[in-house]
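# A structural walkthrough
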Amino acid sequence: MAEYPLSSSELTPASQEVPEALQAPTQPVSKGFVAALTAANLVIWISILPVLQLLLPEQVAAIDAVHKTLNLGIVTSIGALISLLANPIVGALSDRTSSRLGRRRPWILAGALLSALALALLWKATTIVALVIGWSLMQLFSNFLQAATTALVPDRIPASQRGTITGLISMSTPLGAILGVVL
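The text that follows walks through the structure, step by step, so that each part is easy to find. Computed from a prediction, not measured in an experiment: that's the story for all the values here. (Residues numbered from 1 in each chain as written. Predicted model: local features only at pLDDT ≥ 70, side-chain atom pairs only at ≥ 80, totals over all residues. Heavy atoms only, no water.)

### Re the pattern of salt bridges
Put simply, the rule reads: The term salt bridge refers to a pairing of a side-chain nitrogen on Lys or Arg with a carboxyl oxygen on Asp or Glu at a separation within 4 Å. Under the scheme used here, helices are H or I runs from DSSP no shorter than 4 residues and strands are E runs no shorter than 2 residues, and both carry numbers assigned from the N terminus. Only protein chains enter the accessibility calculation, which uses a 1.4 Å probe; a residue is then buried when its area is under 20% of its type maximum, exposed when over 50%, and partly exposed in between.
Tallied over the entire structure, the rule returns 3 salt bridges. Two residues, Asp-155 and Arg-103, come together in a salt bridge whose shortest N-O distance is 2.9 Å. Highlighted residues: Asp-155 in helix α5 (residues 128-156) and Arg-103 in the loop between α3 (68-96) and α4 (105-124), separated in sequence by 52 residues. The partner of Asp-155 in a salt bridge is Arg-104, with the nearest N and O atoms 2.6 Å apart. Of this pair, Asp-155 sits in helix α5 while Arg-104 sits in the loop between α3 and α4, placing them 51 residues apart in sequence. The class of Arg-104 is buried, set by a relative accessible area of 6%. Salt bridges sharing common partners tie together Asp-95, Arg-103, Arg-104 and Asp-155.

Structure follows, in structure tokens:
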């Protein structure tokens, strides 16, 4: 009969240590970090939800009022597919990124800049094809932001603070929808 190890220390050779980037955080994060992360998530949702709820339907109707429902379905479905694929891929890439800015910051910066360009493209779109391209790019680049900011929670926040902080961060979704519509 085979014997099975009883502890995780028996499963892992002593010579293999977990890299610092993969160790669970133990230092509490500051209120400033929490505020910045919550604000970043709020901006993400302000830039996505009102566009999806208000602006895309209006643009589609302005381009082709007769086929607005079909065209909106096409634009949003292709964008959703892009988003579905982008998030796990970008998340995996950001896990493996090593730069002087860290693992997540390059993705956050690129996502912010490229999302702004995608929004500008959407603003100037006058055809359904241009809307598909603009919204797909917006979904792709906003997932740079979403994947990287979401990964900051296990990267930086110790388990003792995660519940409270993720609750605060989660409030940014409905707030982003409300504030974005108001704006």
